[in-house]
Amino acid sequence: MKVVLEHLTKIFPSRNKKSNDEVIAVNDFNFEIPDGKLIGLLGPSGCGKSTALNLISGLLKPTSGKIYFGDDDVTGLPPENRGVGLVFQNYALYPHLTVKQNILFPLQNLKGAERPSKEEMERRALEAAKLVQIDGLMERKPGEMSGGQQQRVAIARAVVKMPRVLLLDEPLSNLDARLRLQTREEIRRIQRETGITTVFVTHDQEEAMSISDMIVVMKDGVVNQIGKPQEVYDEPVNLFVSKFLGTPPINVFEGRVRAGRLFIGDEAVLDVPGAPDGEVWAGIRPEGFIPDENGPFTCQLRGVEVMGRDVSVVCGHDKCAGEQIRAIISAENRPADGARAVRFALKPKKVFLFDRQSEERIPFEVK
Amino acid sequence: MGKDNNLKGWLYLLPAILFLGFFMVYPLIDVFVYSFEEGYNSASQTFFGVGLYNYSYVLHDTYFLQALKNTFILVIITVPLSTGIALLISVGLNSIKPLKNLFQTVYFLPYVTNTLAVGLVFMILFKKTAYTDGLINLMLAWFKRGPIDFIDGPYWAKMFVLCFYTIWVVMPFKILILTSALAGVNQDYYNAAKVDGTSAFRIFRRITLPMISPMIFYLVITGFIGAFKAYSDAVALFGTNLNAAGMNTIVGYVYDMLYGDSGGYPSYASAAAIILFAVVFTITLINLSISKKNVHY
């Protein structure tokens, strides 16, 4: 089931009439989620991604705009008639019910002809439990399970009634780092197996990039960029998107373009044909640095962190907008111990220019 | 943990143990002892023998049997009703937004009002005098009923007023506890239920009730114990001579045996108190065993 959002807007009114502090949590969303895909709503805390999810679920009513599931306009429908499954950040499993009773709960709500027989309910509950691999724990109470297991039960409860759309609100944020890795693969697998269109919300860019078919990067209620994870990473539309994606984060410098060449400080570090002259932000991905004794870009070496196959070279530079520069290079090329400065050449594809004021991307030709 | 630490622990507990022992445990044991001392005279502190005569006397005393019956009726009617109504009001309070604070205050007022003052108001509402039939009888007259003397009239009318009054007095505390318990239920459970299309009744029965069941249980237990120990409510309505009014309670009987007109019988009072204790203890045990199945922590 594809999901279409049309000019979707949600404004939370101000607390009292005197202060004018209304919040535009979701501002004019326009995009289509293709059928059977897994998409990640990504953005920093408070950017309105959970609000967007609750609009799709029906728990919140939009201020304006439309939501379609397939060709059905569901904007005015209450959540129970939309056919959505929702997994909460804290799972919201009913603590007094067993795993089985929790999974059965949505089925037991069905009425009339939709209501399956008792055996059918049991069969479907078991099927859902098998899908998330908790079929051995059916008689446990949520309090007797680990966070990861509870997460699985929550997913089983959400998928047992075969929702048209599955929504996950920060599904991994309550898990420890190892479980998070494992569970995100699990979510990917469950989504593939069921083929349910899935939207999940996260502030963790790595999580979103690793499992999503498509990511939607949001900031302050506005969609900044939509696309496949690799595309968004390789071609960010503005400074915010480039900074939000990637670990370690992109290195941002105050730069200047003169006659088709990018200057950082006094050094012309890269040819950028096609870019107009002016002040820019120059973003360089950590993997965009090539150690080169004759390279055009000189940085002060502060230290080298060994990561195994690669090393992370920590440098400083006057024009760097952040605290420090991080370059990821292959361990063979690590700079000599005791060196004060290190010189780099740059990979043009890993360098992005952004307008100093609008912070929008400035394209240039890559040879 | 060494022996030293153990000693230290007991030392910290000593003040509490001393006070509790002196003012709680010793009197309890003493009451127990009194209840078996036949013909005890508090002036000379002497008694004739040890046996079950005090119990036999109390259990054959018509006043005690009346008090026992009154207390049981009071408990059986007021505890479920007050808890149930309090639950309804709390759910209502929790689902309204405007004037919520006003209503919360209104419902809580009886709790901070003096029992005797409220009793006086109830008497004015219900009492029939030579000059007026009272407000309630005025209203009954609209429906061509009455007048009924609720304070000095038939037994059922007096029992009705007593139950009504008791429910009215104990309700605010229950409402307070239940509204905060309801407010403490995570909204996510309701959202999850809403997304799954759960009916309002099912949400209440399968989610709300189990979630606040520990609080309901707490209210039922303390409600039972409180109702068994009822006394001041009856006094507020019917005056101190409860035996004459036929509205005595067990605690009232105990008091009368100690200090009332028929007072000066600590042995009978002790026996009655021990019987009350046995009753409350049994009921609480039953409550606990029922709660094992139905209360979810």
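About the thresholds
Residues numbered from 1 in each chain as written. Chains lettered and ligands numbered in written order. Predicted model: local features only at pLDDT ≥ 70, side-chain atom pairs only at ≥ 80, totals over all residues. Helix = DSSP H or I, 4+ residues; strand = E, 2+ residues; numbered from the N terminus. Buried ≥ 20, exposed ≤ 12 C-beta atoms within 10 Å, placed from the backbone. Contact = placed C-beta atoms within 7 Å. Domains from an automatic or database assignment. Nonpolar A, V, L, I, M, F, W, Y, C, P; charged D, E, K, R; others polar. Pairing = 2+ DSSP bridges. Axes fitted to C-alpha atoms, helices over the stretch in contact; angles between N-to-C directions. Parallel < 35°, antiparallel > 145°, perpendicular 65-115°, else oblique. Left-handed = near helix turned anticlockwise from the far one by under 90°. Core = buried A, V, L, I, M, F, W, Y, C linked by C-beta atoms within 7 Å. pLDDT = per-residue confidence, 0-100. Expected span 1.5 Å × (residues − 1).

> Looking at this structure, I do not really get the overall build of chain A. What am I missing?
Along its length, chain A carries eight helices and 21 strands. Each principal axis of the C-alpha atoms in chain A carries an extent, and together these give about 75 × 50 × 40 Å. Looking at chain A as a whole, 41% of its 367 residues are labelled buried.

> Explanation requested: the interface of chain B and chain A in the structure shown.
Much of the literature gives interface size as the accessible area that the parts lose upon coming together. On the chain A side, the residues contacting the 14 residues of chain B number 15 residues. In terms of residues, the side of chain B that touches chain A owes the most to one element, helix H8 (residues 187-195) of chain B, which gives six residues.

> Where do I start with the domain arrangement of chain A in this structure?
Residue and element names in this part refer to chain A. When cut into domains, chain A gives domain 1 (3-242) and domain 2 (248-362). One C-alpha centre belongs to domain 1, the other to domain 2; they are set 38 Å apart. Taken together, the six residues of domain 1 in the interface contact eight residues of domain 2. Along the lines of polarity and charge, the residues of the side of domain 1 that touches domain 2 split into four nonpolar, two polar and no charged.

> Help me understand the sheet that holds strand S15 (residues 289-291) of chain A in this model?
The pairing of strands in a sheet comes from backbone hydrogen bonds and takes either a parallel or an antiparallel form. Residue and element names in this part refer to chain A. Overall, antiparallel pairing links the five strands, which are arranged S15-S19-S16-S17-S18 in an open sheet. Either end of the sheet is taken by a strand with one partner, and the two such strands are S15 and strand S18 (325-330). The average undirected angle you get between the axes of adjacent strands in this sheet is 50°. In the sheet, strand S16 (residues 297-306) pairs with strand S17 (residues 310-316) via six bridges, with the strands oriented antiparallel.

> Just to check I follow, could you spell out the environment of B:Lys128 for this structure?
Residue and element names in this part refer to chain B. The residue lysine 128 is located in the loop between helix H5 (115-126) and helix H6 (135-142) in this model. Separated by 25 residues in the primary sequence, lysine 128 and glycine 153 place their C-alpha atoms 9.0 Å from one another. The residues contacting lysine 128, other than those within four sequence positions of it, are Asp133, Gly134, Asn137, Pro147 and Asp149.

> Before we go on, may I ask you to explain unusual backbone geometry in this structure?
Most of the time, phi is negative for any residue but glycine, and the peptide bond is trans. Residues and elements named next belong to chain A. With omega at -10°, the peptide bond leading from threonine 247 into proline 248 counts as cis. Its identity is not glycine, yet tyrosine 91 carries a phi of approximately 75°, on the positive side. Relative to the helices and strands, tyrosine 91 resides in the loop between strand S6 (84-87) and helix H2 (99-108). Phi is positive for methionine 162, which is not a glycine, with a value near 50°.

> Teacher, can you tell me more about the packing of helix H3 (residues 62-95) of chain B against helix H7 (residues 155-183) of chain B here?
Each pair of packed helices can be summarised by the angle the axes make with each other and by the distance between the axes. All names here are of chain B. Relative to each other, H3 and H7 sit at 40°, their axes nearing to 7 Å. Regarding the angle of H3 to H7, the classification is oblique. As H3 runs across H7, the sense of the crossing is right-handed. Broken down by class, the residue content of the contact of H3 with H7 amounts to 20 nonpolar, seven polar and one charged.

> Looking at this structure, I do not really get the sheet that holds strand S3 (residues 38-42) of chain A. What am I missing?
All names here are of chain A. Strands sit in the order S6-S7-S8-S3-S9-S10 across an open sheet of six strands; the sheet is mixed. Since the sheet does not close on itself, it has two edges, and those belong to S6 and strand S10 (222-227), each with one partner. Within this sheet the neighbouring strands show an average axis-to-axis angle of 15°, counted without direction. Pairing between S6 and strand S7 (residues 165-169): four bridges, direction parallel. Within S7, the position partnered with valine 87 by the bridge is leucine 168.

> What am I meant to see in the nonpolar core here?
Proteins that are soluble and globular tend to have nonpolar side chains buried together. Membership of the largest hydrophobic core comes to 156 residues, with the highest contact counts inside it found for A:Ala156 and B:Ala272. Counting contributing residues per domain, this core is built from domain 1 (3-242) and domain 2 (248-362) of chain A, each supplying no fewer than three. B:Ala272 has contacts with B:Val58, B:Phe64, B:Ile250, B:Tyr253, B:Val254 and B:Met257, leaving out every residue within four places of it along the chain.

> Would you mind going over the confidence of the model for chain B with me for this structure?
Regions with low pLDDT should not have their predicted coordinates read in detail. All names here are of chain B. For chain B, per-residue confidence averages 85 on the pLDDT scale, and 96% of positions sit at 70 or higher. Considering each helix and strand of chain B separately, the mean pLDDT is smallest for H6, with a value of 75, and largest for H3, with 92. For this predicted complex, the interface confidence reaches an ipTM of 0.80, while the overall pTM sits at 0.78.

> So what exactly am I meant to see when it comes to helix H9 (residues 200-228) of chain B here?
Residues separated by three or four positions in an α-helix point in the same direction, a consequence of the helix having 3.6 residues per turn. Under the 1.5 Å per step criterion, the end-to-end length of H9(B) is only 36 Å for 29 residues, more than 12% shorter than the ideal 42 Å. Against H3, H7, H8 and helix H13 (266-294) of chain B lie the buried residues of H9(B).

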